[in-house]
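A structural walkthrough
Each chain, written out:
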2 protein chains.
Amino acid sequence: MAEFKSDIEIARAAKKKPIMDVGAGLGIPAEHLLPYGHDKAKVSAEYIKQVQGNKDGKLILVTAINPTPAGEGKTTTTVGLGDGLNRIGKKAMVCIREASLGPNFGMKGGAAGGGYAQVIPMEDMNLHFTGDFHAITTAHNLLSALIDNHIYWGNEQGIDVRRVAWRRVMDMNDRALRQMICSLGGVANGFPREAGFDITVASEVMAILCLATDLADLQKRIGDIIVAYRRDKSPVFARDLKADGAMAVLLKDAVQPNLVQTLENNPAFVHGGPFANIAHGCNSVVATTTALKIADYVVTEAGFGADLGAEKFFDIKCRKAGLKPAAAVIVATVRALKMNGGVKKDDLGAENVDAVKKGCANLGRHIENVKQFGVPAVVAINHFHSDTEAEIQAVKDFVASMGEEAILCRHWAQGSAGIEELAHKVVQLAESGTSQFAPLYPDDMKLFDKIDTIVKRIYRGSAAIADKSVRDQLHQWEAQGYGNLPVCMAKTQYSFSTDPNLRGAPTDHVVPVREVRLSAGAGFVVAICGEIMTMPGLPKSPSSERIFLNEKGQIEGLF
Amino acid sequence: MAEFKSDIEIARAAKKKPIMDVGAGLGIPAEHLLPYGHDKAKVSAEYIKQVQGNKDGKLILVTAINPTPAGEGKTTTTVGLGDGLNRIGKKAMVCIREASLGPNFGMKGGAAGGGYAQVIPMEDMNLHFTGDFHAITTAHNLLSALIDNHIYWGNEQGIDVRRVAWRRVMDMNDRALRQMICSLGGVANGFPREAGFDITVASEVMAILCLATDLADLQKRIGDIIVAYRRDKSPVFARDLKADGAMAVLLKDAVQPNLVQTLENNPAFVHGGPFANIAHGCNSVVATTTALKIADYVVTEAGFGADLGAEKFFDIKCRKAGLKPAAAVIVATVRALKMNGGVKKDDLGAENVDAVKKGCANLGRHIENVKQFGVPAVVAINHFHSDTEAEIQAVKDFVASMGEEAILCRHWAQGSAGIEELAHKVVQLAESGTSQFAPLYPDDMKLFDKIDTIVKRIYRGSAAIADKSVRDQLHQWEAQGYGNLPVCMAKTQYSFSTDPNLRGAPTDHVVPVREVRLSAGAGFVVAICGEIMTMPGLPKSPSSERIFLNEKGQIEGLF
């Protein structure tokens, strides 16, 4: 057996192309690439405008079965497929999300992909990168400061200090900031009130940046943010505080997509990273639509499993941005299927064909679901060394029994050479013209019915239920003109149900909606079905204790 | 009278050189310049190491009389002099501070210089620039999170939650965050305690970044930060929480100086920006020492007037970094001298030679003070249109009576062409070899005696006074080994005394030290003599209300 290198060893050994050359390969002139170091660049807003007349390439979604602690490798497969398409002669690009910096100091940071299917520079992407998240944090907190400042100077808008909906954000795991009383210390510091911080990726500004079509649309959406309510419960908007212009100024660079490269020097946009529970969990619309104008194939991914991620990708991102995905790839691993089949993590090493077969129920459900959106799908089996022939064959047989194809992919170990077959299949699906993409529900369906539709058709539950207060809230928003918004489900990613331990393909479960929130700027209604943590904490022995710079100035302990 | 253009109009009309060409002019190879867009770049740590063997250039300090609302133009003169030196054939560089983003959304943002003596790109420098302040914010707040996390998981170090000295920071004017109770909401959120935020420029991490000689020194100093005390009052260090490595990793790019250019395409480092009251108020040591290795003349500035800024520059920055300034320029304006002579701001338009003469007492005091450090000085009269011949002559006569020279400078209106005479004089002073720089007091003087020495010799007060508790604290630090640190005075910048309304050259005032703080990582003891605000608020009508992007995508309202 060959010796295995760690992700960071592979990433550091990569021969990077100057980012200007990567951009030139896409036809982007140097003056329209704003470099950040020699290996990252933003594409100018002007260039993005210039290419609007181009024909669109084909959009490929990479999604997955329900995540398990075994790991599925969705990003790895996204990156590998991008390289694979380039290998077979296609002009392809990858679009993925940016990583949040804060959590890397709690647990070891995630690379962007893994093995020989990675996007680089890994260090920067797990730290400040091009500063997008810092810009989002700043814009968000400017609005927070303006709210308290407005109250301080007389509160002309009549904000009810008990009903301030806009919290503050920080890109840090800091449980001490979840709940606080601010403005203490007397007259000069304002009116004491309850407040708190979320992590930056949970900011509505993040969701807005990722759904906005351009800077003007971004500013308009920011103005639409509801920051608080008056005593009569009427909403106060960011626009009422004249915050939208300054916030857009703070975001003017952040809205431009970041160009980096894969280990094989193929182009990738890494841009935006909204939460996949209280937000939609996809990279920015600007990155995806721009990539479609400059590449023939664009491979992108959605957060979590297909029940949450793909559904939101289709029903929120594609609906809003007018995207028409040509094909979908559903990633599964033998190990994760075994866990879905009831095997414990410690027992994954042993062959267990029965468990694989049992776990395939989860995969089958996701295949059906993706096809409900009219998008042709193929299953990618992301190969692990411990997989046995019989286990792999069991997956292939199961998928074949559904009339679809499962392809073994070895991109983690072999890079693009290991994923050629999938690349050819994806091209065939995308070029077949069989995609008849349509969202799951129409805009004009009632809000609660939208939730219920997702519960029944995607989660296969018996019904969505909610207290009268939740239903009344939805009715009120419908009366205020928000009824046409899509819903954004915040549910555990580990199960089709709201019970994270219920793996496989449960049916007939009830999905209780505990709370609903309106993200009026982003343009969706969040349905919260379970405990959702918007500010993580650090573990007892945080990874920060082991992070340092070695003698060569290289970062140790982050990966 | 010619039509005047605004600073931003002039800045936008400037013909920028690609930053790689600016760097090449200094002999920096392209691979050692890390670009941020086409007009900003960081110089690599590796290159900085490579040039350590070079001979040092001459260091010129630009300082000023006590600031008044009339404006003195210290940065403008720093930039103008850099251009002037280049104009007369010298290889010169400018080193100034970075601007804090937050305050720009309260009041109109400051440009870097003004008129035809500016550093560009102005927009970026007043917004995110190269992300240094965001990195400092993040590193600071990681340490804050680690403190509460340590307490949460058992508090092995025995931190007294009433004695946490390390607050949080944000680059925003947000009075609501000055004082708060955090960790509310029950067991999962920790132990409720009093906490608060300062603005990022007040962070000790900022002071450390600006005093560190390299990344290793930075990490060592971060480890030295005192974050809290135990019940027995023994200090808990950042090192005890194993925070220093991760914080250094977060700062590894921020520690590299930022190269930009003047309107005349001459090189400038803009790097670091610590508070000038609770910190030392100078750009980074790394920027200054690197500039000295790659240019023959380096023009830098210190915060506020010479009583605070130059004293700290000499006694903290030069002492610690082993810098030997060759000459100093003291900036004065006829208008500011008139205000020091008792004229109100609204009456500055009218000629008033007597007031100028009276106000010269302030200038005279600063000339004497700078010479106390053994550094030869020249006065730069920064010309305003309203100045009359007689007023200018009064300043020249006064300075001549002290045996020194005052030179009229028209760099604001004319760029380098207007400041040639000063440039020649500075070269003459610097090359004369007359500088005999020495700090005001020795390292081994008692801490309170250091404060008293500054009060008597620089402020010309009768004495420093302090309660027993303050003196006891200083003795305790001496016993703990901190007695050799310099002191950092936090006093009003408007007067030699602690009364901001006492302009001119007061004597025999008493200077009360209300509080002392130990910045053990930065390496100084702060003596607080008056109200010091470390988190500003926003005004009733903040400038953010008028900031937006115009149709061309240009920023309006920020300047």
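Residues numbered from 1 in each chain as written. Chains lettered and ligands numbered in written order. Predicted model: local features only at pLDDT ≥ 70, side-chain atom pairs only at ≥ 80, totals over all residues. Heavy atoms only, no water.

Details of the overall build of chain A
From N to C terminus, chain A includes 18 helices and 26 strands. For 559 residues, the compact-globule formula gives about 24 Å, and the C-alpha radius of gyration of chain A, at 23 Å, lands near that figure. Along the longest, intermediate and shortest principal axes, the C-alpha atoms of chain A span 70 × 55 × 50 Å. Counting every position in chain A, which comprises 559 residues, the buried fraction comes to 64%. Counting contacts in chain A only where the partners sit at least 6 residues apart, residues at least 24 apart contribute 75% of the total. For chain A, the distance from the average position of its 62 positive side-chain charges to the average position of its 63 negative side-chain charges is 2 Å. (Helix = DSSP H or I, 4+ residues; strand = E, 2+ residues; numbered from the N terminus. Rg over C-alpha atoms; globule rule 2.2 N^0.38 Å. Buried < 20%, exposed > 50% of the residue type's maximum accessible area, 1.4 Å probe, protein only. Contact = heavy atoms within 4.5 Å. Lys, Arg positive; Asp, Glu negative; His and termini not counted. Charge placed at Lys NZ, Arg CZ, Asp CG, Glu CD.)

Overview of the relation of the copies chain B and chain A
Of the transformation placing chain B onto chain A, the axial shift is 0.0 Å and the rotation is 180°, giving an RMSD of 0.0 Å. Classification of the inter-copy transformation places it as that of a two-fold axis. The C-alpha atom lying nearest the rotation axis in chain B is that of Tyr36(B); the distance is 2.2 Å. The share of interface residues of chain B whose copies in chain A are also at the interface is 100%, consistent with both copies meeting through the same surface. (Least-squares fit on C-alpha atoms with pLDDT ≥ 70 in both.)

Observations concerning the confidence of the model for chain A
With 99% of its residues at a pLDDT of 70 or more, chain A has an overall mean of 96. Complex prediction metrics read pTM 0.97 and ipTM 0.97. (pLDDT = per-residue confidence, 0-100.)

Examining the pattern of salt bridges
Opposite charge on two side chains permits them to pair, given that their charged atoms come into close proximity. On inspection of all chains with the given rule, the structure shows 58 salt bridges over all chains. Among the ionic pairs, Lys16(B) bridges to Asp39(B), the shortest N-O distance being 2.6 Å. Residue Lys16(B) is found in the loop between helix H1 (7-13) and helix H2 (19-25), and its partner Asp39(B) is found in the loop between strand E1 (33-35) and strand E2 (41-43); the two are separated by 23 residues along the sequence. Residue Lys16(B) is classed as partly exposed on the basis of its relative accessible area, which comes to 41%. Of the charged contacts, one joins Asp224(B) and Arg239(B) as a salt bridge, the two residues approaching to 2.9 Å between their closest N and O atoms. With a gap of 15 residues between them, Asp224(B) in helix H8 (residues 215-224) and Arg239(B) in the loop between strand E13 (235-237) and helix H9 (244-250) connect regions that are remote in the sequence. By sharing partners, the salt bridges in this structure join Lys16(A), Asp39(A), Lys40(A) and Asp124(A) into a single network. (Salt bridge = Lys/Arg side-chain N within 4 Å of Asp/Glu carboxyl O.)

Some details on the pairing of strand E19 (residues 406-409) of chain A
Residue and element names in this part refer to chain A. The alternating pattern of E19 places Ala406 and Leu408 on one face and Ile407 and Cys409 on the opposite face, and all of these are buried. Here strand E18 (residues 377-382) runs beside E19; their pairing, made up of four bridges, is parallel. Within the sheet, the bridge partner assigned to Val379 lies in E19 and is Ala406. Crossover handedness for the path E18 to helix H14 (residues 389-401) to E19: right-handed. (Pairing = 2+ DSSP bridges. Right-handed = clockwise from strand over helix to strand, strands pointing away.)

What about the sheet that holds strand E7 (residues 159-164) of chain B?
Pairing between the strands of a sheet comes from backbone hydrogen bonds, and it takes one of two forms, parallel or antiparallel. Residue and element names in this part refer to chain B. The strand order E7-E12-E13 describes an open sheet built from three strands, whose pairing is antiparallel. Among the strands making up the open sheet, the edge pair consists of E7 and E13. Within this sheet the neighbouring strands show an average axis-to-axis angle of 50°, counted without direction. (Axes fitted to C-alpha atoms, helices over the stretch in contact; angles between N-to-C directions.)

Side note on the nonpolar core
Core analysis: the biggest nonpolar cluster contains 154 residues, and Leu143(A), Val227(A), Leu251(A), Leu143(B), Val227(B) and Leu251(B) have the highest contact counts within it. Those residues in contact with Val227(B) that sit more than four places away from it in its chain are Leu143(B), Ile147(B), Val164(B), Ala165(B), Trp166(B), Val236(B), Phe237(B), Ala238(B) and Leu241(B). (Core = buried A, V, L, I, M, F, W, Y, C linked by side-chain atoms within 4.5 Å.)

Structural notes on the packing of aromatic side chains
All names here are of chain A. Scanning the entire structure with this criterion turns up 10 aromatic pairs over all chains. When the ring of Phe314 is compared with that of Phe373, the centres are 4.5 Å apart and the planes differ by 35°; the resulting orientation is tilted. Linking Phe314 in helix H11 (residues 306-321) with Phe373 in the loop between helix H13 (353-372) and E18, this pair joins segments that are 59 residues apart in sequence. Residue class for Phe314 comes out buried when judged on its relative accessible area of 0%. For Phe373, a relative accessible area of 3% puts it in the buried group. Taken together, the ring pairs connect Phe313, Phe314, Phe373 and Phe437 into an aromatic cluster. (Phe/Tyr/Trp six-rings, centres within 6.5 Å; stacked < 30°, edge-to-face > 60°.)

Considering the interface of chain B and chain A
Each partner contributes to the interface: chain B provides 64 residues, whereas chain A provides 64 residues. Of the roughly 5,600 Å² buried where chain B meets chain A, counting both sides, 67% is carbon and sulfur surface. The largest contributions to the chain B side of the interface with chain A come from Arg175(B), Val249(B) and Leu549(B), which together make up 11% of the buried area. Viewed at the interface, chain A and chain B are joined by two salt bridges. For Asp174(B), the salt bridge goes to Arg168(A), with nearest N and O atoms at 2.9 Å. On inspection of chain B and its partner chain A, the count reaches 27 residue pairs in polar contact (both at pLDDT 80 or more). Mapped onto the side of chain B that touches chain A, the elements with two or more residues apiece are E1, helix H6 (132-152), strand E8 (168-170), strand E9 (180-182), H9 and strand E25 (548-549) of chain B. (Buried area = accessible area lost by both parts, 1.4 Å probe. Polar contact = N/O pair within 3.5 Å; in protein donor to acceptor, adjacent residues only side chain to side chain.)

Comments concerning the environment of Lys233(B)
Residue and element names in this part refer to chain B. If you trace the backbone, Lys233 turns up in the loop between strand E12 (226-230) and E13. Exposure remark for Lys233: the relative accessible area of 47% places this residue in the partly exposed category. Expressed as a C-alpha distance, the spacing of Lys233 and Ile159, which sit 74 residues apart in the sequence, is 9.5 Å.

Thoughts on the packing of helix H17 (residues 447-457) of chain B against helix H18 (residues 468-479) of chain B
Residue and element names in this part refer to chain B. Running from amino to carboxyl end, H17 crosses H18 at an angle of 120°, the nearest separation of the two axes being 8 Å. Between H17 and H18, the crossing angle belongs to the class labelled oblique. Seen from H17, the contacting residues are Leu447, Phe448 and Ile451; seen from H18, they are Arg471, Leu474, Trp477 and Glu478. The residue inventory of the contact of H17 with H18, partitioned by class, reads five nonpolar, no polar and two charged. (Parallel < 35°, antiparallel > 145°, perpendicular 65-115°, else oblique. Nonpolar A, V, L, I, M, F, W, Y, C, P; charged D, E, K, R; others polar.)

A few points about the sheet that holds strand E23 (residues 515-519) of chain A
Residue and element names in this part refer to chain A. Read across the sheet, three strands follow the order E21-E24-E23 without closing on themselves; strand pairing throughout is mixed. Two strands bound the open sheet, and with one partner strand each, they are strand E21 (487-491) and E23. Averaged over all adjacent pairs, the angle separating strand axes in this sheet is 25°, with direction ignored. Sheet analysis places E23 next to strand E24 (residues 524-529), joined by five bridges and oriented antiparallel. Note on E24: the bridge partner recorded for Arg517 is Val526.

A look at helix H8 (residues 215-223) of chain A
Residue and element names in this part refer to chain A. Looking only at H8, the buried set comprises Asp217, Leu218, Arg221, Ile222 and Gly223. For H8, the secondary structure elements touched by its buried residues are helix H7 (204-211), strand E13 (235-237) and helix H9 (244-250). Residue Asp214 occupies the N-cap position of H8, its side-chain oxygen lying 3.2 Å from the main-chain nitrogen of Ala216.

Focus on the UniProt feature "binding site: ATP" (unreviewed entry) in chain A
Residues and elements named next belong to chain A. Summarizing the sequence annotation, UniProt attributes the feature "binding site: ATP" (unreviewed entry) to Thr68, Pro69, Ala70, Gly71, Glu72, Gly73, Lys74 and Thr75 in the numbering used throughout. With respect to the secondary-structure elements, Ala70 resides in the loop between strand E3 (58-64) and helix H4 (74-87). Among residues more than four places away in sequence, those in contact with Ala70 are Arg335, Ala336, Met339, Leu348 and Phe384. Secondary-structure assignment places Gly73 in the loop between E3 and H4. If we skip the residues at most four places from it in the chain, Gly73 touches Val331 and Asn382. (UniProt positions renumbered as here; feature names shortened; annotations may be inferred.)

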